[in-house]
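# Secondary and tertiary structure notes
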Amino acid sequence: MRNDFAHLLEPLDLGFTTLRNRVLMGSMHTGLEEMPDGYARQAAFFAERARGETGLIITGGYGPNREGRLAPKSDYIAPDQDLEGHRQIVEAVHREGGKIALQLLHGGRYAHHGEIVSASAVPTRINPVVAREMTTDECYQTIEDFGTAAKLAREIGYDGVEIMGSEGYLLNQFTAQRVNQRKDEFGGTLENRLRLPVGAVRNAREKAGDDFIIVYRLSALDLVEGGNTLEDIITQAKAVEAAGATIINTGIGWHEARIPTIAHMVPRGAFTWAVKRIKPHVTIPLVYSNRVNNPQQADGIISEGVADMVSMARPLLADPDFMKKTREGRPEEINICIGCNQGCLDNAFTGKLTTCMVNPRACREVDLNYRPASTPKNFAVVGAGPGGLAFAATAAEQGHKVTLFEASDEIGGQFNLAKIIPGKEDYAETITYYGALLRKFNVDVKLNHTASAADLVDKGFDAVILATGITPRTPDIPGIDHPKVLSYLDVLAGGKPVGDKVAIIGAGGIGFDVAEYIMHPEGPGDPAHPDIARFNSEWGIDGDYAHAGGLSPEGMRMPCDKQVWLLQRKPHNKFGATLSKTRGWATFVEVMFRGVKMVGDVEYDMIDDAGLHIRAGGEPQTLDVDSIVVCAGQDSRRDLHDALVQAGMTVHLIGGADEARELDAVRAIEQASRLVATL
Ligand code: FAD
Ligand code: NAP
Ligand code: SF4
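Counting starts from 1 at the beginning of each chain's written sequence and moves along it residue by residue. For naming, the first written chain is A and the first written ligand is 1, with later ones following in the order written. Given that the model is predicted, a residue must reach a pLDDT of at least 70 before its local features are reported, and side-chain atom pairs must reach 80 or more before they are shown or counted; all residues, however, enter totals for whole chains, interfaces and linings. Side-chain measures here rest on the full set of heavy atoms in the structure, leaving out hydrogens and waters.

### Concerning unusual backbone geometry
Of note, the phi angle at R291 is positive, near 55°, even though the residue is not glycine. By the criteria applied, helices consist of DSSP H or I runs no shorter than four residues and strands consist of E runs no shorter than two, each listed in order from the N terminus. As for its placement among the helices and strands, R291 is situated in the loop between β11 (287-288) and α10 (295-303).

What follows is the structure in structure tokens.
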């Protein structure tokens, strides 16, 4: 019988070895690398992904020499280094029948230490330190270093290496004139600019031998001014193939690009059109990467001839068993990555350990584990938002009996509002996933049932988990009950229309989301049928790939028919401060480019028929608006708590019910999961 995902599941014969399917786990620096017991933790992390049947795993990036390391204390791969710890990783993955390649990443001018080097001393906005230009001898030595590192990787037991040539790191700094302004044989013509990356591949092949996987990560689309043309990239792809690469992986956009490439607003498969253009020019397997998050889509990328494999990184944080569930025909049980970046990249970029919003066990495989119930308990969960769902599904999976009460007619809580914000449609996947688990583990779900103390006391429950979330805050402003005033619930859940001129009170995550919602009158899209042409046009991407770097000469075009004011009491320079670190900037840019007027240092005086009367920086003004939408934060909703405690019940508060301040779904789900781990 043909599995629906036959293309994705088909083994890939590389001649000297075979990958068990078409999924490559993309490289992620998780922070485990720097932990004192980092090798043991990485071993557990990667082994879980190998057990989950990932075709080929790529480690986080390691420099091929000292200058190439990313941070002062980062390890690098060289003969003077102690590399023994890596054996733990390799052995753990091999025990699970997996294959793993070590990523060799020279940070170049993106590294953060005092010895950084690059093709030329060209500053970048994302690093205050300007790199020193490498001498010609250093270029030749770097080629040797890549080869030596590949040989060492082989000796450790890795199945291969991935040579990182994308995302704007050193090799990319050589390929593109943006940074390469050299006058020697490593600069000038394309042939010269490719000398270092291609030399690195050739040297790695020579030193590591023929029966060793060498993946080259090619920048398929630079998305920066002074980036490569499509022709340059095709020439590069052919050259690395000729130099001995086994597989070409792809990367999209330099880190300094001003275009989002993986955040939730990037449509699924947004860059297939670029990778597809490279495919006819190479004979070795080509990998598509960026915003692939489900097996249907991944299978389609292969069956439609875009690429031979797909790379997924964050989706394997979200669900290490992605490929096992795919093979077993259980796609609805895959915990889908929703592109939020909140548990993974936001943490990585603020020096914290990477994890995942929808899978708090990611990178905590050693210390966050659930035990099957030896004596099953009987739990009541009140509220089916992310917190309540995570508790109910995880506890039931361990064998506990769970009854889940939800006041509304659907599970999902506030994620039902998040999923209708244009760009956040994938948030629906988390609700779907939990729905599948509730069914599988026989959770008794009582919809349209506002639980009262009478439903819970003396009903045989061992404990009640209160996951009742929040209530929106109503600020004390004269005229707040004026007909112009709506709450965000009225707009998002109630579908109440807003006029052409709108003021939003409160510029937190929900204020920005409501602005997005208002500015997209067409409403949310269908993630399975993404409007990539629109994304390209809005962000200034040249979908015809006729211009260098893939940038369109027209630049960004984000039309908006509404006039919107986004207001806060905090000073102007604090706008967007509470948004996600690694995707909030893109939301901020969108809102700004659509012409939203962001006003800080606001005092709200009153609301009447003339509009919203404010003082901004002390200056009185009246915003002549048709609608005023209140997004002024939230307070905990835990009305049942005291009655249950007085009745002698064991009560656990999680998510918004526990604390509304700085609540997000990361905390709600993690709190639920940690509670299950203590049962
Ligand atoms: P909630 O999701 O609030 O769920 C509580 C549930 O309890 C509700 O379904 C409610 O009906 C039910 N309930 C209450 N009382 C009872 C009762 N007595 N009986 C039965 N049921 C009851 N967070 C992020 O991390 N990232 C985002 O990008 C993000 N975007 C958002 C966008 C929008 C528009 C909104 C509104 C929120 C967003 N959030 C986001 C916030 C996130 O959704 C919340 O942090 C999260 O939902 C909190 O989960 P929770 O389980 O604590 O409660
Ligand atoms: P929030 O982030 O706390 O923002 C509330 C906003 O209302 C602030 O701008 C605040 O700014 C203003 N405010 C607070 N009290 C007010 C009052 N009494 N009168 C007038 N204005 C007031 O909360 P939220 O936007 O409701 O979001 C709720 C939670 O959902 C957040 O904690 C957030 O993490 C999460 N969420 C996250 C995202 C995301 O993208 N990561 C998206 C949506 C929601 P001033 O005090 O300066 O006026
Ligand atoms: Fe995906 Fe969000 Fe998890 Fe990161 S935190 S892996 S983006 S779901």
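### Points about the nonpolar core
Membership of the largest hydrophobic core comes to 153 residues, with the highest contact counts inside it found for V161, I163, L223, F271, M357 and F391. With eight residues, the single largest contributor to this core is helix α4 (residues 136-156). Discounting residues that sit within four places of it in the chain, F271 has contacts with L221, L223, I252, P260, T261, V266, Y288, N290, F535 and I541. Put simply, a nonpolar core is a bunch of buried Ala, Val, Leu, Ile, Met, Phe, Trp, Tyr and Cys residues held in one set by side-chain atoms that sit within 4.5 Å of each other. Type-normalised accessible area, obtained with a 1.4 Å probe on protein chains alone, sets the label of each residue: buried when under 20%, exposed when over 50%, and partly exposed for intermediate values. By the convention used here, residues are in contact when the closest approach between their heavy atoms is within 4.5 Å.

### Looking at the site of ligand 3
Around ligand 3, a shell composed of R314, L317, C337, I338, G339, C340, N341, G343, C344, C356, M357 and V358 is seen. The residue makeup of the shell around ligand 3, split by class, is eight nonpolar, three polar and one charged. One heavy atom suffices: a residue is near a molecule or strand as soon as one of its heavy atoms comes within 4 Å of it. Asp, Glu, Lys and Arg are counted as charged, while Ala, Val, Leu, Ile, Met, Phe, Trp, Tyr, Cys and Pro are counted as nonpolar; the rest, among them Gly, fall into the polar class.

### A few points about helix α16 (residues 427-440)
In an α-helix, one turn spans 3.6 residues, which is why side chains three or four residues apart end up on the same side. The length a helix should cover is 1.5 Å for every residue beyond the first. When the terminal C-alpha atoms of α16 are compared, their 21 Å separation across 14 residues agrees well with the 20 Å that a helix rising 1.5 Å per residue should span. For α16, the complete set of buried residues consists of Y427, T430, I431, Y433, Y434, G435, A436, L437 and L438. Next to the buried residues of α16 lie α14 (386-397), β14 (401-405), α15 (415-418), β15 (444-446) and α23 (665-677).

### Overview of the site of ligand 1
Among the 36 residues in the neighbourhood of ligand 1, the closest are listed as Q342, E406, K424, G656 and A665. The separation between an oxygen atom of ligand 1 and a polar side-chain atom of Q414 is 2.9 Å. A distance of 2.8 Å separates an oxygen atom of ligand 1 from a polar side-chain atom of Y427. Starting from 1,000 Å² of accessible surface for ligand 1 in isolation, the protein chains cover 93%. Listed by contribution, the elements that provide at least two residues to the shell around ligand 1 are α14, α15, α19 (509-519) and α23. Contacts described as polar in this section are N or O atom pairs within 3.5 Å, which, within protein, must combine one atom able to donate a hydrogen with one able to accept it, while residues neighboring in sequence count only if both atoms come from side chains. In these tables, accessible area is a Shrake-Rupley quantity obtained with a 1.4 Å probe, and a residue counts as shielded only by the protein chains included in the view.

### Focus on the sheet that holds strand β24 (residues 619-623)
Think of it this way: DSSP has to see at least two bridges between two strands before they count as a pair. Ordered in space as β22-β23-β24, the three strands form an open sheet in which the pairing is antiparallel. Two strands close off the open sheet at either side, each with one partner strand: β22 (602-608) and β24. Sheet twist, expressed as the average angle between the axes of neighbouring strands with direction ignored, equals 20°. In terms of strand pairing, strand β23 (residues 611-616) meets β24 through five bridges, oriented antiparallel. Note on β24: the bridge partner recorded for I614 is Q621. Fitting a line to C-alpha atoms yields each axis, with helices limited to the stretch in contact; the angle taken between N-to-C directions then spans 0 to 180 degrees.

### Some details on the pairing of strand β12 (residues 309-312)
Going residue by residue along β12, you find M309 and S311 tucked away on one face and V310 and M312 tucked away on the opposite face as well. As paired strands, strand β3 (residues 23-25) and β12 are joined by three bridges and run parallel to one another. Paired with V23 across the two strands is V310, which belongs to β12. Both β11 and β12 contribute to a ladder of two bridges, which runs parallel. Bridge assignment links Y288 to a residue of β12, and that residue is V310. By convention a crossover is right-handed if, when the strands point away from the viewer, the path from the first strand over the helix to the second runs clockwise. Crossover handedness for the path β11 to α10 to β12: right-handed.

### A word on the pattern of salt bridges
Salt bridges are defined as contacts in which a side-chain nitrogen from Lys or Arg sits within 4 Å of a carboxyl oxygen from Asp or Glu. What the rule picks out here adds up to 41 salt bridges. In this structure, E10 engages R22 in a salt bridge whose closest nitrogen and oxygen atoms are separated by 3.8 Å. Within this pair, whereas E10 is found in the loop between α1 (6-9) and β1 (12-13), its partner R22 is found in the loop between β2 (18-19) and β3, the two being separated by 12 residues in sequence. When its relative accessible area of 41% is taken as the criterion, E10 is described as partly exposed. Since its relative accessible area comes to 9%, R22 is described here as buried. In this structure, the salt-bridge partner of D624 is K501, at a minimum N-O distance of 3.1 Å.

### Overview of the packing of aromatic side chains
Aromatic pairs are defined between Phe, Tyr and Trp rings, using the six-membered ring for Trp, whenever the two ring centres lie within 6.5 Å; interplanar angles under 30 degrees are classed as stacked, those over 60 as edge-to-face, and all others as tilted. For the structure shown, the criterion picks out 10 aromatic pairs. Relative to Y169, the ring of Y110 lies with its centre 5.4 Å away and its plane at 80°, an arrangement referred to as edge-to-face. Here Y110 is found in the loop between β5 (100-104) and β6 (117-118), whereas its partner Y169 is found in the loop between β8 (160-165) and α5 (170-175), with 59 residues between them in sequence. For Y169, a relative accessible area of 11% corresponds to the buried category. Put simply, the rings of Y140, F174 and F186 pair up and form one aromatic cluster. The rule for a charge over a ring is simple: NZ of Lys or CZ of Arg within 6 Å of the ring centre, and within 35 degrees of the ring normal. Between the NZ or CZ atom of R178 and the centre of the ring of W254, over which it lies, the distance is 5.9 Å. Here the basic side chain of K597 rests over the ring of W565, its NZ or CZ set 5.2 Å away from the ring centre.

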